[in-house]
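# Commentary on secondary and tertiary structure
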Amino acid sequence: MSKIYDVIVIGAGPAGYTACLYASRANLSVLCFEGWQPGGQLTTTTVIENYPGFENGIDGKELMQEMRKQAAVFGTEYITKDVTAIDFAAPTKKVQAGEESYEARVIIIATGAKPRKLGIESEEKLWAKGVSSCATCDGFFFREKKVAVIGGGDSAMEEANFLTKFADKVYLIHRREEFRASKIMLDRVKANEKIEILTNKTVEEVLGEQKVTGLRLKDTQSNETSELELDGMFLAIGHIPVTQLFEGLEKDDQGYLLHKENTMTNMSGVFAAGDCVDHRYRQAVTAAAMGCQAAIDAERWLEGQE
Ligand code: NAP
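What counts and what doesn't
- Residues numbered from 1 in each chain as written.
- Predicted model: local features only at pLDDT ≥ 70, side-chain atom pairs only at ≥ 80, totals over all residues.
- Heavy atoms only, no water.
- Domains from an automatic or database assignment.
- Contact = heavy atoms within 4.5 Å.
- Buried area = accessible area lost by both parts, 1.4 Å probe.
- Salt bridge = Lys/Arg side-chain N within 4 Å of Asp/Glu carboxyl O.
- Nonpolar A, V, L, I, M, F, W, Y, C, P; charged D, E, K, R; others polar.
- Phe/Tyr/Trp six-rings, centres within 6.5 Å; stacked < 30°, edge-to-face > 60°.
- Helix = DSSP H or I, 4+ residues; strand = E, 2+ residues; numbered from the N terminus.
- Lys NZ or Arg CZ within 6 Å of the ring centre and 35° of its normal.
- Pairing = 2+ DSSP bridges.
- Right-handed = clockwise from strand over helix to strand, strands pointing away.
- Patch = residues over 30% accessible without salt bridge, like charges linked within 9 Å, V, L, I, M, F, W, Y side chains within 5 Å.
- Areas by Shrake-Rupley, 256 points an atom, 1.4 Å probe, with all protein chains shown as cover.
- Lys, Arg positive; Asp, Glu negative; His and termini not counted.
- Charge placed at Lys NZ, Arg CZ, Asp CG, Glu CD.
- Core = buried A, V, L, I, M, F, W, Y, C linked by side-chain atoms within 4.5 Å.
- Buried < 20%, exposed > 50% of the residue type's maximum accessible area, 1.4 Å probe, protein only.
- Near = heavy atom within 4 Å.
- Polar contact = N/O pair within 3.5 Å; in protein donor to acceptor, adjacent residues only side chain to side chain.
- Axes fitted to C-alpha atoms, helices over the stretch in contact; angles between N-to-C directions.
- Parallel < 35°, antiparallel > 145°, perpendicular 65-115°, else oblique.
- Left-handed = near helix turned anticlockwise from the far one by under 90°.

This paragraph deals with the domain arrangement of the chain. Once the domains are mapped, the chain shows domain 1 (4-114 + 239-305) and domain 2 (117-235). Centre-to-centre separation of domain 1 and domain 2, based on C-alpha positions: 32 Å. Contacts between the two partners involve five residues from domain 1, matched on the other side by six residues from domain 2. The junction of domain 1 with domain 2 conceals about 450 Å² of combined surface from both sides, 45% of it contributed by carbon and sulfur atoms. In this structure, the salt-bridge partner of Arg188 is Glu49, at a minimum N-O distance of 3.5 Å. Here the side of domain 1 that touches domain 2 is composed, by residue class, of one nonpolar, three polar and one charged.

Right, let's talk about the packing of aromatic side chains for a bit. Taken as a whole, this structure holds nine aromatic pairs when the rule is applied. Ring centres of Phe140 and Phe166 lie 6.3 Å apart, and the angle between their planes is 80 degrees; on these two criteria the pair is classed as edge-to-face. With Phe140 in the loop between α4 (135-138) and β11 (146-150) and Phe166 in the loop between α5 (154-163) and β12 (169-173), the pair connects residues that are 26 residues apart, well separated along the chain. An aromatic cluster is built from Phe140, Phe141, Phe162 and Phe166, whose rings are joined through pairwise contacts. Positioned above the aromatic ring of Tyr78 is the side chain of Arg68, whose terminal nitrogen or guanidinium carbon lies 4.1 Å from the ring centre. Its end group placed over the ring of Trp127, Lys117 keeps NZ or CZ at 4.3 Å from the ring centre.

Next up on the list: the pairing of strand β13 (residues 195-198). Across four bridges, the pairing between β12 and β13 is parallel. When the bridges of β13 are listed, Val170 appears paired with Ile195. In terms of handedness, the path from β12 via helix α6 (residues 183-191) over to β13 forms a crossover that is right-handed.

Turning next to a positive patch on the surface. Taken together, Arg116, Arg175, Arg180 and Arg282 make up a surface patch of like positive charges. With respect to the helices, strands and loops of the structure, Arg282 is situated in the loop between β19 (270-272) and α7 (284-305).

The next point concerns the nonpolar core. Most often, soluble globular proteins have nonpolar side chains that are buried together. Ranked by size, the top nonpolar core spans 57 residues in total, and within it Val7, Ile8, Phe33, Ile108 and Ile109 carry the most contacts. Tallying contributions element by element places α7 first for this core, with nine residues. Ignoring sequence-local partners within four residues, the contact set of Ile109 consists of Ile10, Phe88, Phe246, Leu249, Leu257, Val270, Phe271, Ala272, Ala273 and Cys276. Counting 21 residues, the second largest nonpolar core, distinct from the first, contains Ala156, Leu172, Ala181 and Phe234.

Taken together, 20 residues form the shell around the ligand, and within it Asp154, Ser155, Arg175, Arg176 and Arg180 come nearest. Here an oxygen atom of the ligand sits 2.6 Å away from a polar atom, N or O, in the side chain of Ser155. By residue number, the principal contributor to the shell around the ligand is α5, which donates three residues. By residue class, the composition of the shell around the ligand is five nonpolar, nine polar and six charged.

Interhelical geometry of helix α1 (residues 14-25) versus helix α2 (residues 60-73) gives an angle of 20 degrees and a closest axis separation of 8 Å. As far as their axial angle goes, α2 and α1 are roughly parallel. Considering the relative orientation of α1 and α2, their crossing is left-handed. Contact residues: α1 offers Pro14, Tyr17, Thr18, Cys20, Leu21 and Ser24, while α2 offers Met64, Met67, Arg68, Gln70 and Ala71. Here the residues of the contact of α1 with α2 sort into seven nonpolar, three polar and one charged.

So, about the pattern of salt bridges. Counted under the stated rule, the structure contains 15 salt bridges. With a closest N to O distance of 2.8 Å, Arg105 and Asp6 form a salt bridge. Of this pair, Arg105 sits in strand β8 (residues 100-109) while Asp6 sits in strand β1 (residues 4-10), placing them 99 residues apart in sequence. Its relative accessible area of 26% is what places Arg105 among the partly exposed residues. Judged by relative accessible area, Asp6 falls into the buried class, the value being 13%. With a shortest N-O distance of 3.3 Å, Glu66 and Lys69 are connected by a salt bridge. With Glu66 and Lys69 both in helix α2 and three residues apart, this pair spans about one turn of that helix.

Moving on: the sheet that holds strand β10 (residues 131-132). On the basis of which strands lie adjacent, the open sheet formed by five strands has the order β10-β17-β11-β12-β13 and parallel pairing. In this open sheet, the two strands that pair with only one neighbour each are β10 and β13. Sheet topology places β11 next to strand β17 (residues 232-235); four bridges connect them, and they run parallel. Each residue of the ladder has a partner; that of Val147, found in β17, is Gly232. α5 contacts β11, β12, β13 and β17 of the sheet and is inclined by roughly 170 degrees relative to β11.

This is the structure:
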């Protein structure tokens, strides 16, 4: 018979790794599914300046590698596979990854969120041909070019600033007048001579056949359209939670998992933490904290079952 773990953690961002750390340090056997992007969204960001403990900031990838190693010290096992199906109802929960099946008494879901897209046809057609959602990954290809960043939050500010390391010109295009971004991040953008801010504009079409050549923009106040010549478009318009797989778990209207009691979902023994739950704070430190809470709740729930 295959091993029954105390805890299976699905997801490997700050919430997942912290849940692994706390659960394995509490002497529980822990298996973590790292999925398609071990380390989660922080591996696609630049330096993290607001995770406590790092005076000079820390590289996102490095922070996640350290969290991963720290949980391994206490016995967490990792598996770099995507979960394809789950049976939450069985007395021990069953997790399927392709042909292989795994069992645990508790599941902690920490699958995070993925970048939102505009949802227009030309965006798909030119995806990876000048359209990207990751400046850290693709910025290098736009040396001495013109690019646009879409969005008005902290991510858009961060990406726009980062892209000025490569591009000659960065347009920051936002659909409103007011910005969601924090003042410090917005001020940095405003102070950057390579960035031009265009407000009250939406993207009607990404122009180009084999690669991006420009954008057709619509002014939300005058309804007039205009074309902007450029070589790349970076999306920074928020995220959607990765929860599609979890049928039977209660979610809000945007797909974020809901907690019923502490960090437990409506399914007994199934806990959730991080960006797949939290649409308000979405910080590495808050995700890590919720991963810790989920592990402690899981441990207490397991004790209650004995
Ligand atoms: P966000 O704060 O939700 O901002 C998303 C932006 O995209 C908003 O300006 C929104 O416009 C715009 N948007 C959404 N859908 C759109 C659409 N279909 N078309 C055009 N624009 C659209 O997301 P985020 O910037 O990714 O930030 C998420 C969280 O991470 C925040 O809590 C943020 O503080 C944090 N974060 C922190 C840092 C840092 O401190 N270093 C860096 C990055 C992110 P509206 O404003 O009109 O809704």
